[in-house]
Amino acid sequence: VTPVEVSADILKHLKRLATEALGREVTRAVITVPAYFDDAARAATKDAARLAGLEVLRLINEPTAAALAYGLDSGAEGIYAIYDLGGGTFDLSILKLSGGVFQVLATAGDTHLGGDDIDQLFAAEMLALAKKQAGDVAPAELGELLSLCRKAKEALSSGEQAEIVWEGAHRSFDRNGFERMIMPLIGRSLQCCEAALHDAKLAPEDVQ
């Protein structure tokens, strides 16, 4: 199965959900793509949509779509940075808004940086505590561990404490320790931010 066919299957599912929600057949779509997608990746996305029975009206960069979702197109003026840390990728886009029109001044990113990496940091701590190597753990057990790590990460987004109990190992994480643990990953994202600002010939204070 090719990546395009996998993408087409996902789009077919989304098309089905949209059709059920709206009560009518959906045949056209605006699709969001990562800002770092090149022409080949964008063409492949359009091919996938065609396979799914969708006419692509437009492809929009995900950071631009985020700005639209937050209503920045209605009256906002100035320069905005969209910091998009996803599950597996990171994007930073600097947009200039004028009269409801978006102009992309610069983009930067890391295709191997995201929330999954934070989960892996938790997992490494728990594996060490349980005196186990990742290669020695069954895939199902590892999947369970990563699920517990993800829940702990989400709990620490708003709470001060989270606990993970796995295979006889028990560890409590606090908010400060969590922030210290992830700082190297966040530092990598900030390097991308600095690169984008440099490309756009802007200083941080120029961003609204």
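Procedures and definitions
- Residues numbered from 1 in each chain as written.
- Predicted model: local features only at pLDDT ≥ 70, side-chain atom pairs only at ≥ 80, totals over all residues.
- Heavy atoms only, no water.
- Salt bridge = Lys/Arg side-chain N within 4 Å of Asp/Glu carboxyl O.
- Helix = DSSP H or I, 4+ residues; strand = E, 2+ residues; numbered from the N terminus.
- Pairing = 2+ DSSP bridges.
- Axes fitted to C-alpha atoms, helices over the stretch in contact; angles between N-to-C directions.
- Contact = heavy atoms within 4.5 Å.

S.K.: Break down the pattern of salt bridges for me, with residues and values.
M.R.: Inspection of every chain in the model, using the stated rule, returns nine salt bridges. Linking E160 and R175 is a salt bridge whose minimum nitrogen-to-oxygen distance equals 3.9 Å. Here the residue E160 occupies a position in the loop between α5 (139-158) and β6 (161-166), and R175 occupies one in helix α6 (residues 175-200), the gap between them amounting to 15 residues. Across the salt bridge formed by R175 and E179, the nearest N and O atoms sit 3.4 Å from each other. With a gap of four residues between them, R175 and E179 both fall in helix α6, about one helical turn apart. One salt-bridge network, held together by shared partners, links D119, R150 and K153.

S.K.: Can you tell me about the pairing of strand β5 (residues 101-110), naming the residues and giving the values?
M.R.: Successive side chains on a regular strand alternate, one facing one side of the sheet and the next facing the other. Here strand β4 (residues 90-98) runs beside β5; their pairing, made up of nine bridges, is antiparallel. Looking at the pairing, S98 lines up with V101 of β5. The antiparallel hairpin formed by β4 and β5 contains two residues in its connecting segment, where G99 sits at a positive phi of about 60°.

S.K.: Could you give an account of the sheet that holds β4, naming the residues involved and the relevant values?
M.R.: Hydrogen bonding along the main chain pairs the strands of a sheet, whether they run parallel or antiparallel. The strand order β3-β4-β5 describes an open sheet built from three strands, whose pairing is antiparallel. Edge positions in the sheet fall to β3 (78-85) and β5, since each has one partner strand and no second. Here the strands of the sheet are splayed against their neighbours by 20° on average, with no regard to which way each runs. Packing of helix α3 (residues 62-69) onto the sheet brings it into contact with β3, β4 and β5, and relative to β4 it is tilted by some 55°.

S.K.: Talk me through the environment of G87; I want residue IDs and the actual numbers.
M.R.: Tracing the backbone shows G87 in the loop between β3 and β4. C-alpha separation for the pair G87 and G114, spaced 27 residues apart in sequence, amounts to 4.8 Å. When sequence neighbours within four positions are dropped, the list of residues in contact with G87 reads G114, G115 and D116.

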